[in-house]
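Structural overview for review
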There are 6 protein chains.
Amino acid sequence: MKVSVFRKEHFNAAHRLFNPSWTDEKNQEVFGKCNNPKYHGHNYDLVVEIKGEVDPETGYVIDMGLLSKIIQRCVLDEFDHRNLNEEVVEFKSIIPTAENIAIVIWERLRPEIEKHLELSVTLYETERNFVRFPANG
Amino acid sequence: MKVSVFRKEHFNAAHRLFNPSWTDEKNQEVFGKCNNPKYHGHNYDLVVEIKGEVDPETGYVIDMGLLSKIIQRCVLDEFDHRNLNEEVVEFKSIIPTAENIAIVIWERLRPEIEKHLELSVTLYETERNFVRFPANG
Amino acid sequence: MKVSVFRKEHFNAAHRLFNPSWTDEKNQEVFGKCNNPKYHGHNYDLVVEIKGEVDPETGYVIDMGLLSKIIQRCVLDEFDHRNLNEEVVEFKSIIPTAENIAIVIWERLRPEIEKHLELSVTLYETERNFVRFPANG
Amino acid sequence: MKVSVFRKEHFNAAHRLFNPSWTDEKNQEVFGKCNNPKYHGHNYDLVVEIKGEVDPETGYVIDMGLLSKIIQRCVLDEFDHRNLNEEVVEFKSIIPTAENIAIVIWERLRPEIEKHLELSVTLYETERNFVRFPANG
Amino acid sequence: MKVSVFRKEHFNAAHRLFNPSWTDEKNQEVFGKCNNPKYHGHNYDLVVEIKGEVDPETGYVIDMGLLSKIIQRCVLDEFDHRNLNEEVVEFKSIIPTAENIAIVIWERLRPEIEKHLELSVTLYETERNFVRFPANG
Amino acid sequence: MKVSVFRKEHFNAAHRLFNPSWTDEKNQEVFGKCNNPKYHGHNYDLVVEIKGEVDPETGYVIDMGLLSKIIQRCVLDEFDHRNLNEEVVEFKSIIPTAENIAIVIWERLRPEIEKHLELSVTLYETERNFVRFPANG
């Protein structure tokens, strides 16, 4: 049977929810205060889950130090203390909702994790609003 | 692939565990101090999970503000600062254990959520005792 | 210089805010939903602080196990899974607001703690509403 | 003896640390990644402490609902989902460090709280960096 | 449909990561500071999940008090305030990584839980490193 | 008026409570399971408070990055993933209770912090047992 291992990381970023194909009125109606053109921000908590067999030699599914470095390089170095809309390339064309940020993080991490390991990402935008990709079984 | 989104809400309520078809002795034996006829209470934390596809126009699975309002109307307005046994209609005939409260909340929310979206409810009675309905995969 | 040591405990109770010398209307106006005659409840977190010199033989200000037993006997045994208004003697004549509960707990603990040690009590009614007695400085 | 009561609130905002009287190099050297001209952001947790005597009629130092409304009106309505540097008037001329944000919040709340009550403000910029104004005794 | 119920417990222990079939150099390379021969330690948080049908007579999947006693007897009595490598029999031959500790706890609890109930174990080694066995779906 | 700034750090260590001038029986009687000769361990959370005036040029009481580096060098580099009794020099002659660990950390940090700034240390041994040195007011 497989084990899931989880690593929690953290980044602080500014963002804005805005669909450029809509009028200002429609953006305001749908996104409300999240549409502020001068941005607002969050302390994002990121939990990365890796599912796989335990290596009997190390007792590890994956080395947590290695996983932490991969997250640092692929995500935190480009997201932390940044403006997601203006400084993270994927959000030039995708709205940086929590859902989309989680998917983008998953797509950045997937090629860095060995294929036999399953990957999921949970992203806390606030303590009360969070998302998981992919959703559980 | 689907995304899960989670919204955390909160209510404070009194309750008592008691099966009216049993003797007082049996109630005391099974429910112990939770059987106190004068009630005790909890700060309940409620996490509602909605699973579905991300709408490419909004970047949302569901509008969290809308979800919060549904929870407010269907659950919090009738549970918060109430006596669950005496003031919530379902618990006239069901014991308000955490398991049953979670099921009742799920049944209240299910008709309010679009059919193509999956719903689950996690209820924290205390930090150390919590339940999820339906159970994962 | 002195050290403060803190012990965190927990109890679940029902209560109601109500001043019997007032009309129902005034009670409702002042206490709102906290005035529900059928009660509501909370998970109370209690942090007891003891301030004193460190005993060089033990490295302790006070034995935390002993402190925990004192709190259990003087507070938890009578507050946990109880209705504060109806089952705790002090609240026959005092309204069980967080402020008054903290003062009552302090008065129950003070005679049990050696005189040269200072005592304060922090009570969390919810994560967002809490009180400390006596106030700092 | 006095009681302290605490109310926890929350806001999400963007900010940037920058001293306009310095060169870009000096700003970068002192503020590092917090100096990003495109902003970053935080989930700020705000704990407001009011110290005073308990009113024997209500059992309250202050009505928490009233306190929450004052914080909403004086702070959250202008800080939440905003860019502190560009949209909050005080930060036109003061750098929005956690220290200064706490002082500005205190100055906004002080005139709204009755004079015989003492006020302090604790602001969490992240779980690991927080400030209190005024500092304890 | 089934409900999951969760019980959170806690233990404090010392451990060391070390593979006796490897050289000291290889152990240091793989396990780094976790390989310290004089041990280090953790506050482990343990969440036990039981999945099953709700008993209509009690409203319970399982009596949480009973579950807590089983965890106390099978796990905490032998793990709490102990050196896992030297004092817990399974870790004479298995490296006490979080993954392996979770599997060992699962194996100890499984025979004590009725067969029709499903069991999983989540173990927090720190707030940022945690594991689940078996992995979800 | 002064501001307090707080920085939270973390270390994991093994320890044992033991007074070498006592018999084994007395050690067992006073320290109970904390006296286990094979050690146990904790995830220690450390909160360092610095109290001072805000520098009008930076908006800082102290640069949090600098404070974090001082804590890393003076405390974490020697405490993290270590056996406090055997590997930290002060605990050759002092019992590593939470009280004494907090005092030792304060003594290590005090010479590194500018004289006009006040220093205090809060150490969480577990979520339920914690200490502060020096005690408030």
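Residues numbered from 1 in each chain as written. Chains lettered and ligands numbered in written order. Predicted model: local features only at pLDDT ≥ 70, side-chain atom pairs only at ≥ 80, totals over all residues. Heavy atoms only, no water.

Looking now at the overall build of chain A. A tally of regular secondary structure across chain A gives 4 helices and 5 strands. Element order for chain A, N to C, with α for helix and β for strand: β-α-β-α-β-α-α-β-β. By principal-axis analysis of the C-alpha atoms, chain A measures approximately 60 × 30 × 25 Å. Every one of the 137 residues in chain A was classed for burial, and the buried ones make up 64%. Split by element, the accessible area of chain A, about 5700 Å² in all, is 51% carbon and sulfur. Seen as two clouds, the 17 positive and the 23 negative side-chain charges of chain A have centres 2 Å apart. (Helix = DSSP H or I, 4+ residues; strand = E, 2+ residues; numbered from the N terminus. Buried < 20%, exposed > 50% of the residue type's maximum accessible area, 1.4 Å probe, protein only. Areas by Shrake-Rupley, 256 points an atom, 1.4 Å probe, with all protein chains shown as cover. Lys, Arg positive; Asp, Glu negative; His and termini not counted. Charge placed at Lys NZ, Arg CZ, Asp CG, Glu CD.)

The next subject is the relation of the copies chain C and chain F. Note on the identical chains: chain C maps onto chain F by a rotation of 120° and an axial translation of 0.0 Å, with an RMSD of 0.0 Å. What the rotation and shift describe, once combined, is the action of a three-fold rotation axis. For chain C, the residue whose C-alpha comes nearest the rotation axis is Gly137(C), separated from it by 3.0 Å. A share of only 5% of the interface residues of chain C reappears at the interface of chain F, consistent with the copies meeting through non-equivalent patches. (Least-squares fit on C-alpha atoms with pLDDT ≥ 70 in both. Contact = heavy atoms within 4.5 Å.)

So, on to the interface of chain A and chain D. Tallying the contact residues gives 21 residues for chain A and 21 residues for chain D. Of the roughly 1700 Å² buried where chain A meets chain D, counting both sides, 48% is carbon and sulfur surface. Considering only the side of chain A, the residues that lose the most area to chain D are Lys38(A), Asn43(A) and His81(A), jointly responsible for 35% of the buried surface there. Across the chain A-chain D interface, the total number found is 4 salt bridges. Residue Asp80(A) pairs with Lys33(D) through a salt bridge whose shortest N-O separation is 2.9 Å. Summed over the shared surface of chain A and chain D, the number is 18 residue pairs in polar contact (both at pLDDT 80 or more). For the side of chain A that touches chain D, the secondary structure elements donating two or more residues are strand 1 (3-15), strand 2 (40-52), strand 3 (82-83) and helix 3 (84-87) of chain A. Of the residues assigned to the side of chain A that touches chain D, the class counts are 4 nonpolar, 10 polar and 7 charged. (Buried area = accessible area lost by both parts, 1.4 Å probe. Salt bridge = Lys/Arg side-chain N within 4 Å of Asp/Glu carboxyl O. Polar contact = N/O pair within 3.5 Å; in protein donor to acceptor, adjacent residues only side chain to side chain. Nonpolar A, V, L, I, M, F, W, Y, C, P; charged D, E, K, R; others polar.)

Quick look at the packing of helix 2 (residues 64-79) of chain C against helix 4 (residues 98-109) of chain C now. Residues and elements named next belong to chain C. Between helix 2 and helix 4, the least distance of the axes is 9 Å, while the angle of their chain directions is 135°. Between helix 2 and helix 4, the angle is such that the two are oblique. Considering the relative orientation of helix 2 and helix 4, their crossing is right-handed. Packed against helix 2, whose contacting residues are Ile70, Ile71, Cys74, Val75, Glu78 and Phe79, the element helix 4 presents Ile101, Val104, Ile105, Arg108 and Leu109 at the interface. (Axes fitted to C-alpha atoms, helices over the stretch in contact; angles between N-to-C directions. Parallel < 35°, antiparallel > 145°, perpendicular 65-115°, else oblique. Left-handed = near helix turned anticlockwise from the far one by under 90°.)

With an axial shift of 0.0 Å and an RMSD of 0.0 Å, the rotation relating chain A to chain D amounts to 180°. The superposition of one copy onto the other is thereby described by a two-fold rotation axis. By residue overlap, the copies meet face to face through one surface: 100% of the interface positions of chain A are interface positions in chain D.

Counted residue by residue, strand 1 of chain A has 12 buried out of 13 residues, so it is predominantly covered. Pairing of strand 1 of chain A with strand 2 of chain A, which is carried by 13 bridges, proceeds in the antiparallel orientation. If you follow Arg7(A) over to strand 2 of chain A, its bridge partner there is Val48(A). The pairing of strand 1 of chain A with strand 5 (residues 129-133) of chain E spans 4 bridges and is classified as antiparallel. Its bridge partner lying in strand 5 of chain E, Arg7(A) is registered against Asn129(E). Judged from the 2 bridges that link them, strand 1 of chain A and strand 3 of chain A form a sheet pairing that is parallel. Counted as the bridge partner of Ala13(A) is Arg82(A) from strand 3 of chain A. (Pairing = 2+ DSSP bridges.)

Here the focus is the interface of chain C and chain F. With 21 residues of chain C at the interface, the matching set in chain F holds 23 residues. Each partner contributes to the roughly 1900 Å² buried at the junction of chain C and chain F, and carbon and sulfur atoms together form 54% of this total. The tally of links from chain C across to chain F stands at 2 salt bridges. In this structure, Arg128(F) and Glu9(C) form a salt bridge, with 2.8 Å as the shortest nitrogen-oxygen distance. Linking chain C with chain F are 11 residue pairs in polar contact (both at pLDDT 80 or more), by the criterion used here. Considering every element that reaches the side of chain C that touches chain F, the biggest residue donor is strand 1 (residues 3-15) of chain C, with 7 residues. When grouped by side-chain class, the residues that make up the side of chain C that touches chain F number 10 nonpolar, 4 polar and 7 charged.

Residues and elements named next belong to chain C. Those residues of helix 1 (residues 24-31) lying buried are Asn27, Val30 and Phe31. Each buried residue of helix 1 sits inside an arc of 75° when the element is viewed along its axis, so together they form one side. Residues of helix 1 that are exposed and angled more than 90 degrees away from the buried face: Glu25 and Glu29. Phi turns positive, to about 55°, at Gly32, one or two residues after helix 1. (Arc of directions from axis to C-beta.)

In total, this model carries 66 salt bridges over all chains according to the counting rule given. A salt bridge links Lys38(C) to Glu86(B), with the nearest nitrogen and oxygen atoms 3.0 Å apart. Separated into two different chains, Lys38(C) in the loop between helix 1 and strand 2 (40-52) and Glu86(B) in helix 3 (residues 84-87) make up a pair that spans both. It is possible to trace a salt-bridge network through shared partners that takes in Lys2(A), Lys51(A) and Glu118(A).

Nothing in chain B touches chain D, and the closest approach of their C-alpha atoms is 14 Å. In this structure chain C stays clear of chain E, and the shortest span between their C-alpha atoms is 14 Å.

What follows concerns the confidence of the model for chain A. Fine structural detail should not be taken from predicted coordinates in areas where pLDDT scores are low. Looking at chain A, pLDDT values average 97 and 100% of them are 70 or higher. Interface confidence for the predicted complex, expressed as ipTM, amounts to 0.97; the pTM equals 0.97. (pLDDT = per-residue confidence, 0-100.)

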